[in-house]
Amino acid sequence: MRLSFLEPLYAQQGPFASVYLDTSRDVEHPERTIALRWRRLRNALARQGADGPTLTTLERVIGGDTDVPGLHGQAVFTAHGALVLDGELPRPPAHDSARYSTLPDAMPLVVQHVPEIPYLAVVVHYRGLPTAEAHGTVTVDAEAGVWPASVVAPGERLHRRIPVAGWHGAAVRLGHELDDWARHRRADAVLLGGDQWACNVLLRRLPVGLRRRVVRVGGRSPTDTGRALLEPQLDRVFRGGMATHDEALVEKFIARRSQHGAASAGLPAAIAALQRGQVEALLLNHPLESSLRLWTGPQPTQLALTEDELSSFGVRAPHEDRADEALMRALVGTGAELVVVPQRVVPLQGGVGALLRYADPGTPS
């Protein structure tokens, strides 16, 4: 998973306010409910030392996602009283939280983006007799997205209404258009749903390469919900899976580890590699425990297990931070990726592994 969307978080020094809040509006008096939740978090931030401008900025942003329907949440980050990042969560957070700390609490936001699978969703509707003489139209809706973030941030949408008499020919042209779109978005899969006859016509006319990535899904999905097209089907198909890009990184890690090459296992080895900017991708079986701490300096690569180690590198006044916050800053700062890989797929030593850009005699493994 590429983490470039987090770069604004680390463009300046902290302290940061990090707020995660359930902003779903599927309850009675949702605005009042959100306001009460925010009030508790506001008080918590004040107790942690957040200043007035920080609280005022958060006050203006929290609950502003009124156009997002269904279950969802909001992740908001500020620094020095200025808004740094405002992100929508495809699921409400497990619990509302507010943290005022040296580094932003970005891991929960990242986990909500996993597994970040690029896809196309296509819905084809037609009611009537499937003959060239029939009247009526075939309606096609298609959407590009990255699951699960696209659930609350639907992507580019295509809409076509085609006379049924011309559907066979139009399906050929549409197939090439979808193929170009899928290539541009590097889609791992194409979910195709709708009426059987119209879907079959389109499927048979798709270019072969795209046809192999099609997943047929059942049910007639509404197309005007304000949420992702084929949202329930996306969840059933992709939950528990991995993006093709991430699978390739995992396979590379396994191959290199078996050859004692540019890969390392365990948190100490990963930290040593991050200090050198050597990590191509950090692999985690699950997010690190919030109780685990590391020592950090002002630069992304300045992190260590002990204060003495960081001081030996010439870092003055090291600071103790949560390990997940320190690792996330190091990954973004060095352009490394993050892959959350199920333990059943690859059990990692201590739940942590690192795919390295290069190996040298000093690399722990």
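Read on for an overview of the structure. None of these values were measured; they are calculated from a predicted model.

## Description of the packing of helix H9 (residues 267-275) against helix H11 (residues 323-334)
Alright, step 1. Following both chains from N to C, one finds H9 and H11 inclined at 40°, their axes separated by 11 Å at the closest point. Taken together, H9 and H11 sit at an angle that is classed as oblique. Of the two possible hands of crossing, H9 and H11 adopt the one that is left-handed. Packed against H9, whose contacting residues are Leu267, Ile271 and Leu274, the element H11 presents Leu327, Ala330, Leu331 and Thr334 at the interface.
Alright, step 2. Looking at the contact of H9 with H11 residue by residue, the class counts come to 6 nonpolar, 1 polar and no charged.

## Comments concerning the packing of helix H1 (residues 30-48) against helix H2 (residues 52-61)
Alright, step 1. H2 packs onto H1 with a crossing angle of 165° between their chain directions and a minimal axis gap of 11 Å. Relative to H2, the element H1 is oriented roughly antiparallel. The hand of the H1/H2 crossing is right-handed. Between H1, through Trp38, Arg42, Leu45 and Ala46, and H2, the contact on the second element is made entirely by Leu55, Leu58 and Glu59.

## A closer look at the side chain of threonine 139
Alright, step 1. Structurally, threonine 139 can be placed in strand E6 (residues 137-147).
Alright, step 2. Overall, the relative accessible area of 14% leaves threonine 139 in the buried class.
Alright, step 3. Once you skip the residues sitting within four places of it in the chain, threonine 139 turns out to touch Val123, Val124, His125, His159, Arg160 and Arg161.

## Here we look at the nonpolar core
Alright, step 1. Residues Leu3, Leu6, Leu282, Leu327, Met328 and Leu338 are the most contacted members of the largest nonpolar core, which totals 42 residues.
Alright, step 2. Breaking this core down by element, the ones donating at least two residues are strand E1 (16-22), strand E2 (73-79), strand E3 (82-89), helix H3 (107-113), H9, strand E11 (279-284), H11 and strand E16 (352-356).
Alright, step 3. Of the residues forming this core, the biggest block, 7 residues, is contributed by H11.
Alright, step 4. Setting aside residues no more than four positions away along its own chain, leucine 282 makes contact with Ala270, Leu327, Leu331, Glu337, Leu338, Val339, Val352, Gly353 and Ala354.
Alright, step 5. Within the second largest apolar cluster, 29 residues are counted, among which are Leu202, Leu203, Leu206 and Leu210.

## Describing the pairing of strand E12 (residues 293-296)
Alright, step 1. Bridging between E12 and strand E14 (residues 319-322) involves 4 bridges; their strand directions are antiparallel. Looking across to E14, one finds that threonine 296 is bridged to histidine 319.
Alright, step 2. Looking at chain direction, E12 and strand E13 (residues 303-304) are connected through 2 bridges and run antiparallel. Residue pairing for E13: tryptophan 295 is matched across the bridge by alanine 304.
Alright, step 3. The loop that links E12 with its antiparallel partner E13 comprises 6 residues.

## A look at the pattern of salt bridges
Close approach of charged atoms allows side chains of opposite charge to pair.
Alright, step 1. This structure, assessed with the given rule, holds 16 salt bridges.
Alright, step 2. Across the pair aspartate 22 and arginine 37 runs a salt bridge whose closest N-O atoms are separated by 3.7 Å. Of this pair, aspartate 22 sits in strand E1 while arginine 37 sits in helix H1; the two residues are 15 residues apart in sequence, bridging distant segments of the chain.
Alright, step 3. Given the relative accessible area of 16%, aspartate 22 is considered buried.
Alright, step 4. Residue aspartate 141 pairs with arginine 157 through a salt bridge whose shortest N-O separation is 3.9 Å. Residue aspartate 141 is found in strand E6, and its partner arginine 157 is found in strand E7 (residues 157-163); the two are separated by 16 residues along the sequence.
Alright, step 5. Salt bridges sharing common partners tie together Arg99, Asp105, Arg322, Asp324 and Glu325.

## Structural notes on the sheet that holds E13
Alright, step 1. Across the sheet, which stays open at both edges, the 3 strands sit in the order E13-E12-E14 with antiparallel pairing between neighbours. The strands lining the two open edges of the sheet, one partner per strand, are E13 and E14.
Alright, step 2. Lying over the sheet, H11 contacts E12, E13 and E14, oriented at roughly 50° with respect to E12.

So, how was this worked out
Residues numbered from 1 in each chain as written. Predicted model: local features only at pLDDT ≥ 70, side-chain atom pairs only at ≥ 80, totals over all residues. Heavy atoms only, no water. Axes fitted to C-alpha atoms, helices over the stretch in contact; angles between N-to-C directions. Helix = DSSP H or I, 4+ residues; strand = E, 2+ residues; numbered from the N terminus. Parallel < 35°, antiparallel > 145°, perpendicular 65-115°, else oblique. Left-handed = near helix turned anticlockwise from the far one by under 90°. Contact = heavy atoms within 4.5 Å. Nonpolar A, V, L, I, M, F, W, Y, C, P; charged D, E, K, R; others polar. Buried < 20%, exposed > 50% of the residue type's maximum accessible area, 1.4 Å probe, protein only. Core = buried A, V, L, I, M, F, W, Y, C linked by side-chain atoms within 4.5 Å. Pairing = 2+ DSSP bridges. Salt bridge = Lys/Arg side-chain N within 4 Å of Asp/Glu carboxyl O.

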